[in-house]
Amino acid sequence: MKNISSYLTAKNAKVSQRTQSLISLRALLPIAIGIVCLAVTLVACNEKKTEETKEEEKSTTEVALSASQYKTVGIETGIVEDRNLNKVIKANGYTTVPPQNSAEVSTLIGGTVKDIFVLEGTYVNKGKVLATIQNLEVIGMQEDYQSAVANVEYLQLEYNRQKTLSDENVNPRKTFQEVKAKLTAERARAQAAKNKLDALHVNTKGTTSVVPIVSPINGFVGKINIAKGAFANTGVSLFEVVDNSQMHLDLNVYEKDLGSISIGQVIDFVLTNQSNKSIKGKIFGINKSFSNESKTVAVHAKIDPADAKGLIPGMYVSANINITNATVPALPKDAVVRNADKYFVFVQEEGHAEEKHEHAAGKKEEAHEEEIHFKAVEVIPGTTDLGFTEVKFVDKIDPQAKIVTKGAFYLLSAMKGGGEHEH
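Now for a description of the structure that goes with this document. (Residues numbered from 1 in each chain as written. Predicted model: local features only at pLDDT ≥ 70, side-chain atom pairs only at ≥ 80, totals over all residues. Heavy atoms only, no water.)

Evaluation of the coordinates by the stated rule reveals eight salt bridges. Arg-83 serves as the salt-bridge partner of Glu-81, at 3.5 Å between the closest nitrogen and oxygen. With a shortest N-O distance of 3.0 Å, Arg-189 and Glu-186 are connected by a salt bridge. Of this pair, Arg-189 and Glu-186 both sit in helix H4 (residues 173-199), three residues apart, which is roughly one turn of the helix. Owing to a relative accessible area of 15%, Glu-186 belongs among the buried residues under this scheme. One continuous salt-bridge network, built from bridges that share partners, spans Lys-114, Asp-115 and Lys-228. (Salt bridge = Lys/Arg side-chain N within 4 Å of Asp/Glu carboxyl O. Helix = DSSP H or I, 4+ residues; strand = E, 2+ residues; numbered from the N terminus. Buried < 20%, exposed > 50% of the residue type's maximum accessible area, 1.4 Å probe, protein only.)

Here it is, written out as structure tokens:
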């Protein structure tokens, strides 16, 4: 009995141990299943994250506008241009004309203004009568001239007669010398009277008190400083006449830059208040003295007459004096935008496929506006001058690619917003 009892006890112990092992395995089964599920979930999440990252990268480099948005924003495009922007000296100055192309018109004799025949801005030719003044002294000048001419005619006859008598020793030599002296004096008086009348542009024949004021050069009438009925004084400017056909620039160059400046160098300049157009010129003269206390030297540059149309003296300009003739690819400065620490331009994508819009079954297809797509292309900016920026593309693009030159900041904002757009 004792042996049977020991056997049963040992057997029960083994059954109990096996039961506990089964219970332990059943407890671990949910944990194992959970681990497997977690692994599958992590793999799926990683794949989804990769897809979202790729989609996000695409959405942060592309943006689309509807046709109405494109028109409202006022998007403008252009292509990369070659411009002379590198190795330049900056200078400010103003437009002017040579001294011989500008005139201050005054009168050599005072008088009352009788008539004015021009208005400010009128183009006149040399010799054109601008106004007339009245002065009674002019009548006396004409009388003096005519009297001197009459005396010259009489004395010329007397001179001829006395010369004949003197040659025949009929009259004393002294009488002939006296007549000769009087004739010379009257000739001088007649010439002086004529010179006065010619200077006043008054005819030597007849009598008149009217003196014309004439333009000494071709050009446009500037400021008019007289009024009808007013008294015009001598030495006072009555009219300004300017010939703009020989317009040039006076640029102020600092002492430190003088060593790089030479005659013949090409310049690019823009009007300070109208920076949308670049004009070229060429240096033809450099002053040999300082202009003022700022230690600048005046540098003179010619402007091609075709480009000088519309310019007037006194316009302020910003110029680049090109030390070398190397050219670089450039775009208007508004075409380059900054996002974080990188710079981009937007290229309009041609022939981009239209997006497909899904609709619920039974719903009518809605009409959608045509979309215009743009892609941000990274660039490395260089020199910025005269409204243009040098650009170097990180990746090669088509030289004829349409690049946004106006509205790039709007596209950048839309791109930062995830490239969402309305239909």
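Resuming the write-up.
Turning to helix H5 (residues 408-416), a few remarks are in order. Burial in H5 covers these residues: Ala-408, Leu-411, Leu-412, Ala-414 and Met-415. Viewed end-on, H5 has its buried residues packed into an arc of 165°, placing them on one side of the element. Facing away from the buried side of H5 by more than 90 degrees, the exposed set consists of Phe-409 and Lys-416. (Arc of directions from axis to C-beta.)

Another point: the environment of Lys-163. Tracing the sequence through the fold places Lys-163 in helix H3 (residues 137-167). Given the relative accessible area of 35%, Lys-163 is considered partly exposed. Each C-alpha atom of the pair Lys-163 and Arg-173 lies 8.7 Å from the other, and the pair is ten residues apart in sequence.

Grouped together as the largest cluster of nonpolar side chains are 25 residues, with contacts concentrated most on Ile-109, Leu-130, Ile-133, Val-138, Leu-200, Val-211 and Phe-239. Of all the secondary-structure elements, those providing two or more residues to this core are strand S5 (102-105), strand S8 (129-134), H3, H4, strand S9 (210-214) and strand S12 (239-242). Residues in contact with Ile-109, not counting those within four places in the same chain, are Ile-133, Asn-135, Glu-137, Val-138, Met-141, Leu-200, Val-211, Ala-232 and Thr-234. Counting 23 residues, the second largest nonpolar core, distinct from the first, contains Leu-251, Ile-267, Ala-301 and Ala-319. (Core = buried A, V, L, I, M, F, W, Y, C linked by side-chain atoms within 4.5 Å. Contact = heavy atoms within 4.5 Å.)

Time to look at the pairing of S5. The two faces of S5 differ: Ala-103 and Val-105 on one face are buried, but Ser-102 and Glu-104 on the other face are not. One ladder, built from four bridges, connects S5 with S12; its direction is antiparallel. Looking at S12, one finds that Val-105 is bridged to Phe-239. (Pairing = 2+ DSSP bridges.)

This next bit is on H4. Its 27 residues place the ends of H4 39 Å apart at the C-alpha level, agreeing with the 39 Å of an ideal helix rising 1.5 Å per residue. Of the positions making up H4, those classed as buried are Phe-176, Val-179, Leu-183, Glu-186, Ala-190, Ala-193 and Leu-197. Buried-residue contacts for H4 involve H3. In the segment just after H4, His-201 is the residue with positive phi, at about 60°. (Expected span 1.5 Å × (residues − 1).)

The next point concerns the sheet that holds S8. The antiparallel open sheet is built from four strands, whose spatial order is S9-S8-S6-S11. Both outer strands of the open sheet, S9 and strand S11 (231-232), are each paired with one neighbouring strand and no more. As paired elements, S8 and S9 share five bridges and run antiparallel to each other. Considered in S9, the bridge of Thr-132 is made with Pro-212.

All right, on to the packing of aromatic side chains then. One pass over the structure, following the stated rule, counts three aromatic pairs. Ring geometry for Tyr-70 versus Phe-374: centroids 6.2 Å apart, planes at 5°, classification stacked. Linking Tyr-70 in helix H2 (residues 67-73) with Phe-374 in strand S21 (residues 371-385), this pair joins segments that are 304 residues apart in sequence. Residues Tyr-159 and Phe-176 carry aromatic rings whose centres are separated by 5.2 Å and whose planes lie at 35° to one another, so their mutual orientation is tilted. In this pair, Tyr-159 sits in helix H3 while Phe-176 sits in helix H4, placing the two residues 17 residues apart along the sequence. Residue Tyr-159 is classed as buried on the basis of its relative accessible area of 17%. Judged by relative accessible area, which is 5%, Phe-176 ranks as buried. (Phe/Tyr/Trp six-rings, centres within 6.5 Å; stacked < 30°, edge-to-face > 60°.)

What follows is about the environment of Gly-222. One can find Gly-222 in strand S10 (residues 219-224). When the C-alpha atoms of Gly-222 and Phe-239 are compared, they prove to be 6.7 Å apart, with 17 residues separating the residues in sequence. Leaving out residues up to four positions away in the same chain, Gly-222 has contacts with Glu-120, Glu-240 and Val-241.

For the pair H3 and H4, interaxial distance at closest approach is 7 Å and the crossing angle is 155°. One element, H3, and the other, H4, form an angle in the roughly antiparallel class. With respect to the hand of their crossing, H3 and H4 are arranged in left-handed fashion. Among the residues making up the contact of H3 with H4, the classes are represented as 14 nonpolar, seven polar and twelve charged. (Axes fitted to C-alpha atoms, helices over the stretch in contact; angles between N-to-C directions. Parallel < 35°, antiparallel > 145°, perpendicular 65-115°, else oblique. Left-handed = near helix turned anticlockwise from the far one by under 90°. Nonpolar A, V, L, I, M, F, W, Y, C, P; charged D, E, K, R; others polar.)

Before going further, it helps to examine the pairing of strand S16 (residues 296-303). With respect to burial, S16 is a largely interior element, seven of its eight residues being buried. Two strands pair when backbone bridges link them, and strand S13 (residues 248-254) and S16 are joined in this way by seven bridges, in the antiparallel orientation. Pairing of Asp-250 across the sheet is with His-300, part of S16.

This paragraph deals with unusual backbone geometry. Here the phi dihedral of His-201 falls at roughly 60°; this positive angle occurs in a residue that is not glycine. Relative to the assigned elements, His-201 resides in the loop between H4 and S9. Backbone geometry places Ala-340, a non-glycine residue, at a positive phi of 60°. Mapped onto the elements of the fold, Ala-340 is located in the loop between strand S19 (337-339) and strand S20 (342-348).

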